[in-house]
Every structure is written in C-alpha cells, then in structure tokens.
Amino acid sequence: MAAEPLLRVEHLRIEVPTRRGTLVAVDDVSFSIAPGEVLGVVGESGAGKSLTGAAIIGLLEPPLRIAGGQIVFGGRRIDNLPYEAMRRVRGKEIGAIFQDPLTSLNPLYTIGQQLIETIRTHLDLGMIAARERAIALLSEVGIAGAAQRLDHYPHQFSGGMRQRVVIALALAANPLLVVADEPTTALDVSIQAQIIALLKRLCRDHGTAIMLVTHDMGVIAETADRVAVMYAGRIAEIGPVRAMVAEPHHPYTAGLMQSIPRIGLRRERLQQIDGAMPRLNEIPPGCAFNPRCPEVFERCRRERPGLMPAPGTEAACWLYAAATADRASPANIVDRRRDDKTLC
Amino acid sequence: MLSSFTSETTALLEVDGLKRYFDVSPPVIERVLQRKERAWVKALDGVSFAIRRGETFSLVGESGCGKSTVARCIVGLYRPSAGRIAFDGTDLAQLKTRRAMAPLRRRMQMIFQDPYASLDPRWRVRSIIAEPLVTYGLVARKTELRERVAELLRQVRLSPADGDKYPHEFSGGQRQRISIARALAAKPEFLVCDEPTSALDVSVQAQILNLMKDLQREFGLTYLFISHNLAVIYQISDRIGVMYLGRLVEVADTDQLFARPRHPYTRLLLETIPRLEAADGAGQDREPVAGEVPDPIDPPPGCAFHPRCPFANERCRSERPELLPAPDISQTGGALVACHAVAEGRLPAPNTPKRG
C-alpha cells in the first residue's frame, strides 16, 4: 500500500436538522483508500454507507450537511470546495456509479451525446477525438457495435447494458477514484456477475480505486481488498476482506456473517441478530450495537468505543480494548472464536 | 425432507400447463393504419408442477421469468390464459363466483415482497390483522377478535400492545411480521410467499426465514416460495423449480439441484452467485457467462436458452424441449429437466464448485 492514501476521510460527521432536533446520520467515520484499492462499504439500510459516498462526491442533498471532519483527496481538502470547483473534481478525478442506471442517464439525449459531453467537459478534446474516445469506451465496457450504439437512447438498452454505459461515463475522464453505490443491486444475478467482473477489470487496467457501497457481502467478497462494516452511522469494523469473512471480530460483523444463508451449509435455523438497527433518533449511548449485542457488558452501555486493533482487523468494540479486564479476558475471546468455527 | 414423503402423499396444489399471456399490442389505430401485428408477452408458457402437503416448493429465476405471475395466478390475482390450477383436488376455474371461491381462498394466503406497500398506512395494525377474521366470519364476538389478534401478534414474535400502532411505527422486518400475521389470521394451509425477504436487510432476513420455518412446523403449512436469491432458496426449500422465460427448465430436490445441477441455465445461475468464499481469492477471477435474457415478446425458437447455451446445437434451435425425467434417474431422485443435451446425454458432468 502506498504511503500517501488517495482518499482520507477523517472524523466525518453528517447531520440532518429536523424539527425535533439535529440527527446524526454519520458519526465520526474515518477511513482511507489507497491508489488502485477497492474498499467495500457494507451495512444495513440507514447505516450511513450511501451518505458517506455522497459526501465524498459532494452530492449530499440538503438539508443533509457535513458538520464535522474532513475529506482529503490527493492531498487536497475537497469537502469545503465551492460548487463549481467540486464540479470539476467530480467526473474528472472522482467518478460515480449509482444503483439505477436509468436515473443516471438523461432519457432525452443519446448515450453518445452524454458520453461526448462528459469527455469534452473534462478533457481537452475536439469533437471528433471525443467521439472516437466515446466509441473506444463503449467497446471497452463490452457493448457490441459501439459506433452504431452511440446514437441510441438509453431506453433502447437493457438494464445490464445501461449499467455498462454508466460505467463508461464514470470512467470517461480516467478518474483516480470511482464511488459505486449499489452498482449491481438493480440487476439480475447473471448480469450482476458480468458487471462486477467488468468493473474490476477496468479499474485494474486503469489503476482506478473504487469505493464500493453495497449491502451484499457476497459482492464485496468477490471484489474488494478491504471492507468497512457500518452500523448506525459508525464504522463497526474495518479490515482486509479475507480476514473479515474468515474471522470477524466485532459481534455485529460476526452476527452478520452468520445470518447470511450460504449454499452448501444447510442449517435448520440461521443464526439471527434479534432486534433491528436503531433509528437515528434512538441511537443508544455507548456502543450503538449494545442493545442487540450478545457480548454486552457494563462499559458498552456507558462509553462509545473507537476503532481498536483486533487480530487482523480493527473493531470498534470494547472486547478488544487492552484494558478491559472486567469481562473479556483474552482466553474467553479465543474460546468464542473456537465456537464460531465449529458452527461454520 | 422429501424422503419422509410416501407415495400416497397427495399434492395440495397442482398446476398443469399454466399459460398467461399479456396483450402488449400497439393501439388499434396503428394496427389498422400501419399494419402492425398484435403482440403478446408469454409470461407463462406451459408451466406444470405439483406441491406436496407440508413441503416448501420454491420457484427461482431472473426478473421477467414469470415466477411472480405463477404466484398471482394461483391466488387469483390473474386469470390464467390456459391451463389448470387445482387446490386440494378442486379445479379453481370451476369456482365461478366469489362466494364459491371464498372457502378455498381462505385456505391459501399470500405474503408480498414490499412490506411498505402491502400494509394500509391509515389502518392500525390490529385492524389490518383482524380484516381476514372479519371477512371470513371466523370470530363471533369482539372479545374473541381481540384475543385472536393478540395471539397472532405473539405468534409472529410481536407484542399484543403493538396492535394499537400504525405500520409506519415499525421497521421493515417488523412490518413483514405483520404481513405474516395477517396471512395466518384465516388459518390457511398454504402460503404463497413472493420474495418475502428481498426488501429486508440480511440480519432481518434471517429472522424472517427462521420465523417462517418455525410457523411451518407449528401449523403444518405448505409454502410456495418465490425468490431470485439462490442462497435463500437453498436455506428454505425442499424442492425447487428453476424458471427461464415463462417455462420451467428444471425441477429437483434442493440437495440434488445444488449438488448436481442438470440444466445449463441452472449451472449458470449457480456459478454466478457472489459467494463469501470468494474472499479467499479462489472465485475472484472467474469470467461470467455472457448474454442476457432475451426479449419475452419475441423469444428465440426452440429452447429459449439456446442463444446463451454453450451446448446448443441445431435441435436446440428448432425444437422446444419438454420437461422430462433426467435420464440417470437412479441418481437424480426424480429430477425433471427440459434440455435436449441432457436427454441425449451429451452434456458434460457439472463441474460443481467446492463450497462450504
């Protein structure tokens, strides 16, 4: 991993003012992405993963606002840029892919017009060169007959093909980072596999880093280098995807992994985490997960845990605090791991 | 499990040659002036299967394959264009009036995908759950109604006090519990579950799947379960039907289907699911099968899957394969496959990926 990360998010806090007071949607989130790295961000709906992505590309919808922390991209702070300056960063240096390809494409323009406009906005190319680049991009994302397809409208493409066009748009100016928010959720499984493979191949070829936001742990496992698990607006655990799947440490991550039905592993009952993620106005003091946590102890209800080193990952959990002698001795952590293994 | 079924176990639901076409013709004026032809989407084009009492039969397939249309035809939300649906031996088409239909309708209920759209936001939960009880006249007195609603709420692991609230006060998972309570109110034998967990987060999905299994055991329910998520299907089903473009391409026991998928489309589906095990690096670089589901207005002739099938030959392009018992019947436990290549024995053995 390079010494200087491409993107640093530090203590990001996103708030929503409401009539009954300010709600904190993203609370003290910090992570970084190295050049060319794929970071998966996973969590349940409302965990704040999409908002974090939107904050990075500068597309938070008011009244949502960044209330604290900073976002540093390529050594430069981008969270406080004026609208026009951010517009030049977005698209050129940071590309974006959203869940529904129909909403990211304008139905009134041909995809050629949209691609060429994007290319010419960000790159210093003439009309003919831009058109050539658009054709090259379309064939690169696997659209057959790119030269003819350029003059077609979005509705003339299938869902999978539209998402390919959106990927072409996101990569049009050779960005250093692509923020992909649920890029395959609206697609069928066989198409989803094609799009994931495409995204991975393109970013590897171009050295583009990806922030992949999704609720599907399987997609993350197939794609990401590292993964951040979010819960109630906070990062619960972050680490290499392999360690996270094999040996999750935060009780929430562990429960999440166990509750995913797996083929070849038929169980009479799935392990479930009782209850649901708290709403923004009901986040408990201390650790946000404490009411549902099977390992909860006194300190969790009182004090909010920051990320602390756990074997192989970093977990925001007091079980891994060096000083927690009151409950979790290292011995019984090891025991718990062993139980999990036998379950698998 | 299936082995516990004896030959005299009767089918609770039989679907035979079910067809449902949707008219997507251009307006009359264009047909007259521009000589445009009538057009039909064959959402279901001859689907036959039977569900045994007490089992969970699942339909899986990609969007537009017709799995939800099957569900809607069975519960009577769509009228079949052709074919026969029999519930407990009674042909549903014979029941002409609502009154004649009611006793059977009570015995089959449906759970929908979106718990935000399927509950009336202006009704209290108590009234939502009580509606089937009142409609079918299942309770005599108000106190009895109240007790029964409380009992139903407890059965889906909610508290009786929740009956006073409105749907918006609940999370997605809790709302789906309310839908389940409403479906159970009429004491049905058969539940049609159309993507009941697809709108839910994984940890909540596990709660609902567990609850559905518990309820099935407790009340001896039979499920028709519909999902596009193969891992969910694997967890809950006894038998599975795989659909492609309005037809069943394979029907097999769960263990058979996942261990020895026959039809090339089933194999494609199994190979494309993103798996957690891929984090080890093993599955990270497979190249997925190309192609997409064809236009249902103009499906390919012969086997609908042939344009994407690596094993297709001339016969596949011209002749439509029937759903037949797989040739090596001793090993398949009665799997049905609609594939010429399987029938002719020219399909290589499935390269079952290692899992678990």
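Residues numbered from 1 in each chain as written. Chains lettered and ligands numbered in written order. Predicted model: local features only at pLDDT ≥ 70, side-chain atom pairs only at ≥ 80, totals over all residues.

1. So, the overall build of chain B
To keep things clear, this is the line we draw: Each helix is a run of H or I in the DSSP string that is no shorter than four residues. Each strand is a run of E no shorter than two, and both are numbered from the N terminus. Between the two quantities, the radius of gyration covers C-alpha atoms and the globule rule is 2.2 Å times the number of residues to the power 0.38. To sort residues by exposure, count the other C-beta atoms lying within 10 Å of each residue's C-beta; 20 or more gives buried, 12 or fewer gives exposed, and values between give partly exposed, all with C-beta atoms placed from the backbone. What counts as a contact is two residues whose backbone-derived C-beta atoms lie within 7 Å of each other.
The secondary structure content of chain B amounts to 13 helices and twelve strands. For 356 residues, the compact-globule estimate of 2.2 N^0.38 gives 21 Å, and chain B sits close to it at 22 Å. The buried share of chain B, taken over its 356 residues, is 45%. Excluding contacts between residues fewer than 6 apart, the proportion of contacts in chain B whose partners are at least 24 apart in sequence is 66%.

2. What to know about the overall build of chain A
From N to C terminus, chain A includes 13 helices and twelve strands. Its C-alpha atoms give chain A a radius of gyration of 21 Å, near enough to 20 Å, the size a compact globule of 344 residues would have. Its C-alpha atoms put chain A at 70 × 45 × 40 Å along the principal axes. Residues classed as buried in chain A amount to 47% of the 344 residues present. Considering only contacts in chain A between residues 6 or more positions apart, those separated by 24 or more positions represent 64%.

3. Considering the confidence of the model for chain A
Let me state the cut-off plainly: Note: pLDDT gives the predictor's confidence per residue, expressed from 0 to 100.
Mean pLDDT for chain A: 87, with 93% of residues reaching 70 or above. With pLDDT under 50 throughout, residues 323–344 of chain A is counted as low confidence; its partners more than four residues away or in other chains account for eleven contacts.

4. Here we look at the interface of chain B and chain A
Note the cut-off: Classes in brief: Ala, Val, Leu, Ile, Met, Phe, Trp, Tyr, Cys and Pro nonpolar; Asp, Glu, Lys and Arg charged; the others, Gly included, polar.
In this complex, chain B contributes 38 residues to the contact, which on the side of chain A involves 37 residues. Going through the elements one at a time, α7 (202–219), α8 (230–236) and α10 (264–272) of chain B are the ones with two or more residues in the side of chain B that touches chain A. When residues of the side of chain B that touches chain A are assigned to their parent elements, the largest contribution, eight residues, is made by α7 of chain B. Looking at side-chain class alone, the side of chain B that touches chain A contains 18 nonpolar, twelve polar and eight charged residues.

5. Considerations on the confidence of the model for chain B
Low pLDDT means the predicted atomic positions in that stretch should not be read closely. All names here are of chain B. Overall, the prediction assigns chain B a mean pLDDT of 87, with 91% of residues at 70 or greater. Between the elements of chain B, mean pLDDT differs from a low of 60, seen in helix α12 (residues 329–332), to a high of 96, seen in strand β3 (residues 56–60). Overall, residues 1–8 carries pLDDT values under 50, and its contacts beyond four positions in sequence, including any with other chains, amount to five contacts. Reported for the predicted complex are a pTM of 0.84 and an ipTM of 0.79.

6. Quick word on the sheet that holds strand β4 (residues 82–87) of chain B
Residue and element names in this part refer to chain B. Put simply, the rule reads: Strands are treated as partners if at least two bridges between them are detected by DSSP. Each axis is a line fitted through C-alpha atoms, and for a helix only the stretch in contact is used; angles between axes span 0 to 180 degrees, taken between their N-to-C directions.
Pairing is antiparallel across the open sheet formed by four strands, whose spatial order is β2-β1-β4-β5. Two strands in the sheet have a free side with no partner beyond their single neighbour: β2 (40–52) and β5 (90–91). Helix-sheet contacts for helix α2 (residues 67–75) involve β1 (11–23), β2 and β4, and the interaxial angle to β1 is about 115 degrees.

7. Re helix α8 (residues 189–206) of chain A
What counts is decided by this rule: The span you would expect from a helix comes to 1.5 Å times its residue count less one.
The terminal C-alpha atoms of α8 of chain A, which comprises 18 residues, lie 26 Å apart, in line with the 26 Å expected from a rise of 1.5 Å per residue. Within the sequence span of α8 of chain A, burial applies to Val 189, Ser 190, Ile 191, Gln 192, Ala 193, Gln 194, Ile 195, Ile 196, Leu 199, Leu 202 and Cys 203 of chain A. Considering only its buried residues, α8 of chain A is in contact with α5 (127–140), α7 (159–171), β7 (177–181), β8 (209–214) and α9 (217–223) of chain A together with α10 of chain B. Looking one or two residues beyond α8 of chain A, the residue adopting positive phi is Gly 207 of chain A, at roughly 70 degrees.

8. Notes on the nonpolar core
Where we set the bar: Nonpolar cores are built from buried Ala, Val, Leu, Ile, Met, Phe, Trp, Tyr and Cys residues. These are joined into a set through C-beta atoms within 7 Å.
Ranked by internal contacts, the top residues of the largest apolar core, which has 199 residues, are Ala 168, Met 211, Leu 212 and Tyr 231 of chain A together with Leu 224 of chain B. With residues near it in sequence (within four places) discarded, Leu 224 of chain B still touches Ile 51, Phe 57, Ala 71, Ile 74, Val 192 and Cys 193 of chain B.

9. Some details on the pairing of strand β9 (residues 239–244) of chain B
All names here are of chain B. Counted residue by residue, β9 has six buried out of six residues, so it is predominantly covered. Of the two faces of β9, the one holding Arg 239, Gly 241 and Met 243 and the one holding Ile 240, Val 242 and Tyr 244 are both buried throughout. Bridge count for β3 against β9 is four bridges, and the pairing is parallel. The residue bridging Ser 58 from the neighbouring strand is Ile 240, located in β9. Across six bridges, the pairing between β9 and strand β10 (residues 247–253) is antiparallel.

10. Observations regarding the pairing of strand β6 (residues 108–111) of chain B
All names here are of chain B. Burial of β6 is two-sided: the residues Met 108 and Met 110 facing one way and the residues Gln 109 and Ile 111 facing the other way are all buried. As defined by bridge partners, β6 adjoins strand β7 (residues 190–194) across four bridges and the pair is classed as parallel. Opposite Gln 109, over in β7, you have Leu 191 as the bridge partner.

11. Describing the packing of α7 of chain A against α8 of chain A
A packed helix pair is summarised by two numbers, namely the angle formed by the two axes and the spacing between the axes. Residues and elements named next belong to chain A. For clarity, the cut-off: The scheme is simple: roughly parallel for angles under 35 degrees, roughly antiparallel for over 145, roughly perpendicular for 65 to 115, oblique for anything else. Should the near helix be turned anticlockwise from the far one by less than a right angle, the crossing is left-handed, and should it be turned clockwise, the crossing is right-handed.
Put simply, α7 and α8 touch, their axes get as near as 10 Å, and they point 15 degrees apart. Looking at the two axes, α7 sits roughly parallel to α8. Crossing angle aside, the handedness with which α7 passes α8 is right-handed. Of the residues in α8, those touching α7 at Gly 159, Gly 160, Gln 163, Arg 164, Ile 167 and Leu 171 are Ile 191, Gln 194, Ile 195, Leu 198, Leu 199, Leu 202 and His 206. Residue composition of the contact of α7 with α8, grouped by class: seven nonpolar, five polar and one charged.

12. What to know about helix α4 (residues 111–122) of chain A
Residue and element names in this part refer to chain A. When the terminal C-alpha atoms of α4 are compared, their 17 Å separation across twelve residues agrees well with the 16 Å that a helix rising 1.5 Å per residue should span. Regarding α4, the residues found buried are Ile 111, Gly 112, Gln 114, Leu 115, Ile 116, Thr 118 and Ile 119. Here the buried face of α4 lies against α5 and α7.

13. Remarks on the sheet that holds β7 of chain B
Strands belonging to one sheet form pairs held by backbone hydrogen bonds; the direction of such a pair is parallel or antiparallel. Strand order across the open sheet formed by eight strands is β6-β7-β8-β3-β9-β10-β12-β11 (chain B), with mixed pairing between neighbours. Looking at the sheet topology across the chains shown, the edges are occupied by β6 and β11 (324–325) of chain B.

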